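Each chain is listed here by its residues.
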Protein chains: 2
Amino acid sequence: MIPIRILSDDDIKVILDIRNTIACVEKAYILKANNQARLFPLISEDLSEGKADMDIKSGVLYSDDTFGLKLVAWFGDNIKEGLPSLTGLAMIFDLKTGFPKAIINASHLTAMRTGAAGAIGIKYLAKHDSKALVVTGTGTQAVFQIAAAISVMPLLKKVYIYHPLRYQSAEKFQSTIKEKLGTIKIDIEGDPMNYIWIQKLDSIDFIAVDRIEKALNETEVVITVTPSQKPYIFHNWIRPGTHFSCIGADMPGKQEIDEKIFDAAKVFVDDIHQASSVGETQNSIKSGIINEKHLIEIGRLLNGDTYGRTSEKDITIFDSTGIALQDLAVSNYIIKKAEELKIGTTVYF
Amino acid sequence: MIPIRILSDDDIKVILDIRNTIACVEKAYILKANNQARLFPLISEDLSEGKADMDIKSGVLYSDDTFGLKLVAWFGDNIKEGLPSLTGLAMIFDLKTGFPKAIINASHLTAMRTGAAGAIGIKYLAKHDSKALVVTGTGTQAVFQIAAAISVMPLLKKVYIYHPLRYQSAEKFQSTIKEKLGTIKIDIEGDPMNYIWIQKLDSIDFIAVDRIEKALNETEVVITVTPSQKPYIFHNWIRPGTHFSCIGADMPGKQEIDEKIFDAAKVFVDDIHQASSVGETQNSIKSGIINEKHLIEIGRLLNGDTYGRTSEKDITIFDSTGIALQDLAVSNYIIKKAEELKIGTTVYF
C-alpha cells in the first residue's frame, strides 16, 4: 500500500506564502530553460460550449524527481448556485518509482502560482523605481496579482483598478481589496503575524478608474487579468518604459492589449509554443506583427542567458499562460512543508 | 469543502467483478459510437528511455455526467526492488459542476478493464463454439485476459500458454495460473463464494507450449498480450475462422502478429486514431496493407450499426489499445458500488 498525502485548499492556505511561491516559480522557469524540466502537450477541451471547459497541464521536473499533472475545470454556471466556478486537482508523482506522492486541491495553488508569474514579470522587467501599478480585471486572480506585485515593488504607492466593461465593478473591488489582501500570506521573514504586510497595505492607495488612459499616463506597470476577447488598451496610450504582465489571455480568441504594442516591445513568455497559440501573444503573431523568433522564454532571462530591459524607455511584456512546471515546483514545496508541519490527510493506496 | 471518495486497490478488488466490468466497457464503446462520449488527445511520454514512461488518458461520458483522466506510469526497474512496475491514479469529475468525485487507484481497475476489452472482442467476433484459446504472454495482464475470456467462452476446455522468448516462463505460468484465477472476482449471480467459477476452472486444461504453430492449429481464438516489438505469429500459420484480440501493442514500434494477417481480416478497434498510431494496427497501416477506412470501431458493432463475423472462415481482429472511456465507465460503476457498500475513505477538499 502506497501512502499518499491529500491536501485540501485550507491546508494549502496554511502552508503557502507569496515569497516562497515566487521562488518556486522562478526555479520552474530556470529549470525549463536549462532543459532540467519538460512540458507535456496541453489538453484544453470544451465540455459545454461557452459554459464549461477543462484543461490538463502536465510535465516533469527532472532535478526534483517529480512528474505530474493538474486538471482545472471552469463551470460558469456554478456562480448562480453559489459554487466556485473554478475547481481542480493536482497529482504529484515520484520520478524514482512512478508512485503517487500527493493529491492537492488546485484552487489556492493555481491562484498563488499565477500571481507569482505576474510578479516575476514585474520583478525582472519593470523599472525598479515604479511607484504605481494598473490592474485590469476585478476577479479573484486580480487580488493575487496585486498581492504578489506589492511584494516585488518596494516603492509602490498607488494601484489603479480598471474594469473594461463596468466601472462599478472596479469601485466595488476598491472598497474590499485591502481586506482581501490582508488574508493572503506574504511571509515577510520574522513577521509571523503578517504585521508588516498589513502596515504596508495601509500605505498604498487603491483607486478605481473609469478611463484607463489616465491611469496609463501615471504609471509604468500594467497587469492585465480579464477574460476579454478584444483589446481595451491601445498602443498610442502607452508611455515609454511601460511593462505589461499579461495574465488573462490563456485560450484561443482572447485578447487584452492592442497587438501593435508588441511591435516595439521586448516580449518574454513562459512557453513559446503555448504563448503563441493561446496567450496574449497569439494576436500579434496572427497579424504578422511579430513571429516566434521575437519571443524569449523568461527562464533564459532568469538564468542569465539573455538580458531584459536595457533602457528607461523600453516597452516590455511578459505573457504568462501558466505552465505545469509552476504547479509541480510549488506542489513540491507544499509537500515538503506539509510533511514538516504534519498537515493533510494520509491515505493508503 | 468538497467530499471526495478515495478508493484503494484493495477497495476495488472487493467491488469489481469481471461480469460488470465487461458490461461497463461495452457501454463505453457504445456511447463512443453514439457520440455520447468523447476522447481527449492521448498524452504518452518517455520519462527515462526504455526504463520509464507514463500516459494520460482522458475523456468525457456525457450520458453519465462524468469526465476525468487516468495517469498510468510504467517503471521497469521497480521489479528489481520488489515494487510493482505499473502504478496509476484515476480522477473522476462531475460534469454538472466540475467538482471531483473520486480518486481511484488505477492498478486493478486497468487490469480488469483491459481484460474486459479482450473478452469483448471474443464475445462479439470469435466463433461461439470455440473450445480452445491461445494466450501469448505470461505477465499479470495475461491472467486477467484469461479470466475474462473464460467468462465469455462457455465451451472452453483448453488454454494454451505461449511465451515468444522463454518456454520456461510459459511453464511457470501454467503451474500458478489456476490459483491466480481463483482470486479474481467473476460474480456469477447467486454465487457469492465464486464456487461455480472455481469448479469451472477445474474443467479447463492450461497447457504451456514451446511452438505456437501447433497451438494455433488446434484453436480459433488468440489473445496477444506481450510487449513484443516484432511479430511472432505469421500469416501462413493461421487457420480460417481465427479471431485475434490484440492487447499488447499500445505504443509506437510494438508488434505481435504478422501485418499480412490484416490483409484478409475484418479489423475492429476501440479508437481508429489510437489503434492506427500505437496499436497492433500501426504495422499494417505503415506497410500499406490496409488503411484507416478498413477499420471499424467496435462500438458500431455493439450498437448494431454494422456486422462482425459472417462466416465460419472469417479472420477477425479486435485491436484494443485501451481508451479513457473504459476507465470512466468502470470508475462510475465502482463509485456507485462504493457508495452503496460504504467502501473507501472520504476526504474533504
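Criteria and thresholds
Residues numbered from 1 in each chain as written. Chains lettered and ligands numbered in written order. Predicted model: local features only at pLDDT ≥ 70, side-chain atom pairs only at ≥ 80, totals over all residues. Heavy atoms only, no water. Contact = heavy atoms within 4.5 Å. Buried area = accessible area lost by both parts, 1.4 Å probe. Salt bridge = Lys/Arg side-chain N within 4 Å of Asp/Glu carboxyl O. Polar contact = N/O pair within 3.5 Å; in protein donor to acceptor, adjacent residues only side chain to side chain. Helix = DSSP H or I, 4+ residues; strand = E, 2+ residues; numbered from the N terminus. Nonpolar A, V, L, I, M, F, W, Y, C, P; charged D, E, K, R; others polar. Domains from an automatic or database assignment. Pairing = 2+ DSSP bridges. Axes fitted to C-alpha atoms, helices over the stretch in contact; angles between N-to-C directions. 1 Å grid on protein atoms, 1.4 Å probe; cavity = no way out; pocket = protein on both sides within 12 Å on 5 of 7 lines; lining within 4 Å. Points joined across faces, edges and corners; volume = space filled by probe spheres on them. Least-squares fit on C-alpha atoms with pLDDT ≥ 70 in both. Buried < 20%, exposed > 50% of the residue type's maximum accessible area, 1.4 Å probe, protein only. Lys, Arg positive; Asp, Glu negative; His and termini not counted. Phe/Tyr/Trp six-rings, centres within 6.5 Å; stacked < 30°, edge-to-face > 60°. Expected span 1.5 Å × (residues − 1).

Peer 1: Please clarify how the interface of chain B and chain A should be interpreted in this entry.
Peer 2: Often, the extent of an interface is quoted as the loss of accessible area on bringing the components together. Each partner contributes to the interface: chain B provides 46 residues, whereas chain A provides 46 residues. In this assembly, chain B packs against chain A so that about 3,600 Å² is buried in total across both faces, 77% of it on carbon and sulfur atoms. Contact with chain A buries surface across chain B, with L47, L89 and F349 of chain B losing the most and accounting together for 17% of the total. On inspection of chain B and its partner chain A, the count reaches two salt bridges. One salt bridge connects E45 of chain B with R38 of chain A, and the closest N-O pair in it is separated by 2.7 Å. At the junction of chain B with chain A, the criterion picks out eight residue pairs in polar contact (both at pLDDT 80 or more). Listing elements by their share of the side of chain B that touches chain A, those giving two or more residues are β1 (3–7), α1 (9–15), β3 (43–48), β4 (52–61), β5 (66–75), β6 (86–94), β7 (100–105) and β18 (345–348) of chain B. Residue composition of the side of chain B that touches chain A, by class: 31 nonpolar, eight polar and seven charged.

Peer 1: When you look at the domain arrangement of chain A in this model, what are you seeing that I'm missing?
Peer 2: All names here are of chain A. With domains assigned, chain A is organised as domain 1 (3–109 + 324–348) and domain 2 (127–319). With 21 residues of domain 1 at the interface, the matching set in domain 2 holds 21 residues. Taken together, the two surfaces of domain 1 and domain 2 that pack against each other cover about 1,600 Å², and 60% of this comes from carbon and sulfur. Ranking the residues of domain 1 by area buried against domain 2 places I18, R19 and Y29 at the top, with a combined share of 34%. For D271, the salt bridge is made with K32, and the minimal N-O distance between the two is 2.8 Å. Here domain 1 and domain 2 share five residue pairs in polar contact (both at pLDDT 80 or more) between them.

Peer 1: How should the sheet that holds strand β11 (residues 221–224) of chain A be read in this particular structure?
Peer 2: Strands belonging to one sheet form pairs held by backbone hydrogen bonds; the direction of such a pair is parallel or antiparallel. Residue and element names in this part refer to chain A. Pairing is parallel in the open sheet, where eight strands are placed in the order β10-β9-β8-β11-β13-β17-β15-β16. For this open sheet the edge positions go to β10 (205–209) and β16 (295–297), each flanked by a neighbour on one side alone. Sheet twist, expressed as the average angle between the axes of neighbouring strands with direction ignored, equals 20°. Relative to β16, strand β15 (residues 265–269) is paired through three bridges, and the arrangement is parallel. Along β16, the bridge assignment pairs V267 with L295. Running at roughly 160° to strand β13 (residues 243–246), helix α3 (residues 106–125) makes contact with β8 (132–136), β11, β13, β15 and β17 (315–319) of the sheet.

Peer 1: Please clarify how the sheet that holds strand β15 (residues 265–269) of chain B should be interpreted in this entry.
Peer 2: Residues and elements named next belong to chain B. Taken in spatial order, the eight strands make up an open sheet running β10-β9-β8-β11-β13-β17-β15-β16, and their pairing is parallel. Two strands in the sheet have a free side with no partner beyond their single neighbour: β10 (205–209) and β16 (295–297). Recorded for the sheet is a direction-independent mean angle of 20° between the axes of neighbouring strands. Examined bridge by bridge, strand β8 (residues 132–136) and strand β11 (residues 221–224) share three bridges and lie parallel to one another. Of the residues in β11, the one forming a bridge with V134 is V222. Its contacts with the sheet put helix α3 (residues 106–125) on β8, β11, β13 (243–246), β15 and β17 (315–319), and the angle it makes with β13 is roughly 160°. Relative to β8, helix α4 (residues 140–152) is tilted by about 160°, and along the sheet it contacts β8, β9 (158–162), β10 and β11.

Peer 1: Can you help me understand empty space enclosed by the protein in this one?
Peer 2: Residues and elements named next belong to chain B. Throughout the structure, instances matching the rule amount to four cavities of 30 Å³ or more. Roughly 40 Å³ of internal volume is contained in the largest cavity. The wall of the largest cavity is formed by L42, S44, D55, K57, D250, Q274, V278 and T321. Of the residues contributing to the lining of the largest cavity, the split by class is two nonpolar, three polar and three charged. Per-domain counts for the lining of the largest cavity show at least three residues from each of domain 1 (3–109 + 324–348) and domain 2 (118–319).

Peer 1: Any chance you could explain unusual backbone geometry here in plain terms?
Peer 2: Glycine aside, a negative phi is what most residues show, and trans is what most peptide bonds show. Phi at D65 of chain A is positive, roughly 50°, even though this residue is not glycine. Position of D65 of chain A among the secondary structure elements: in the loop between β4 (52–61) and β5 (66–75).

Peer 1: In this structure, what is going on with the relation of the copies chain B and chain A? I would like to understand it.
Peer 2: What relates the two chain copies is a rotation about an axis together with a slide along it. Note on the identical chains: chain B maps onto chain A by a rotation of 180° and an axial translation of 0.0 Å, with an RMSD of 0.1 Å. On the angle and the small slide along the axis, the relation comes out as a two-fold axis. When you check the interface residues of chain B against chain A, 100% turn up at the interface there too, and the contact is symmetric in its surfaces.

Peer 1: What am I meant to see in the pairing of strand β1 (residues 3–7) of chain A here?
Peer 2: Two faces, one strand: in a regular strand the side chains alternate between the faces of the sheet. Residue and element names in this part refer to chain A. Within β1, four of the five residues are buried, which leaves the element mostly enclosed by the surrounding structure. Pairing of β1 with strand β18 (residues 345–348), which is carried by four bridges, proceeds in the antiparallel orientation. Note that in β18 the partner of R5 across the bridge is T346. The pairing of β1 with strand β7 (residues 100–105) spans three bridges and is parallel.

Peer 1: I'm lost on the side chain of D258 of chain A in this one. Help?
Peer 2: Residue and element names in this part refer to chain A. The residue D258 is located in the loop between β14 (255–257) and β15 in this model. Despite its burial, D258 pairs with no opposite charge, the nearest such side chain being K260 at 4.4 Å. Leave out the neighbours within four places in its chain, and D258 touches P231, I233, F234 and H235.

Peer 1: Could you clarify how one ought to interpret the packing of aromatic side chains in this entry?
Peer 2: Given two aromatic rings, one states the distance between the centres and the angle between the planes to describe the pair. Considering all chains together, one arrives at 10 aromatic pairs over all chains under this definition. With centroids separated by 6.1 Å and ring planes inclined at 40°, the aromatic side chains of Y162 of chain B and Y232 of chain B adopt a geometry described as tilted. Of this pair, Y162 of chain B sits in strand β9 while Y232 of chain B sits in strand β12 (residues 229–233), and the two are 70 residues apart along the sequence. The exposure class assigned to Y162 of chain B is buried, which follows from its relative accessible area of 9%. A centroid spacing of 5.3 Å and a plane angle of 80° characterise the contact between F234 of chain B and W237 of chain B, whose relative ring orientation is edge-to-face. Classification of W237 of chain B by relative accessible area gives partly exposed; the value is 27%. Put simply, the rings of F67 and F93 of chain A together with F75 of chain B pair up and form one aromatic cluster.

Peer 1: Explanation requested: the pattern of salt bridges in the structure shown.
Peer 2: Note on pairing: side chains with opposite charge can pair once their charged atoms come close. Residues and elements named next belong to chain B. Tallied over the full model, the rule gives 36 salt bridges over all chains. Note that K127 is salt-bridged to E312, the shortest N-O span being 3.4 Å. With K127 in the loop between α3 and β8 and E312 in the loop between α10 (298–302) and β17, the pair connects residues that are 185 residues apart, well separated along the chain.

Peer 1: I keep staring at helix α2 (residues 18–33) of chain A and nothing clicks. Help me out?
Peer 2: Since there are 3.6 residues in each turn of an α-helix, residues three or four apart along the chain are aligned in direction. Residue and element names in this part refer to chain A. The end-to-end C-alpha separation of α2 is 23 Å, in line with the 22 Å expected for 16 residues at 1.5 Å each. Burial in α2 covers these residues: I18, N20, T21, I22, C24, V25, E26, A28, Y29, L31 and K32. Two or three places before R19, at the start of α2, stands the capping residue D17, its side-chain oxygen 3.0 Å from that residue's backbone nitrogen.

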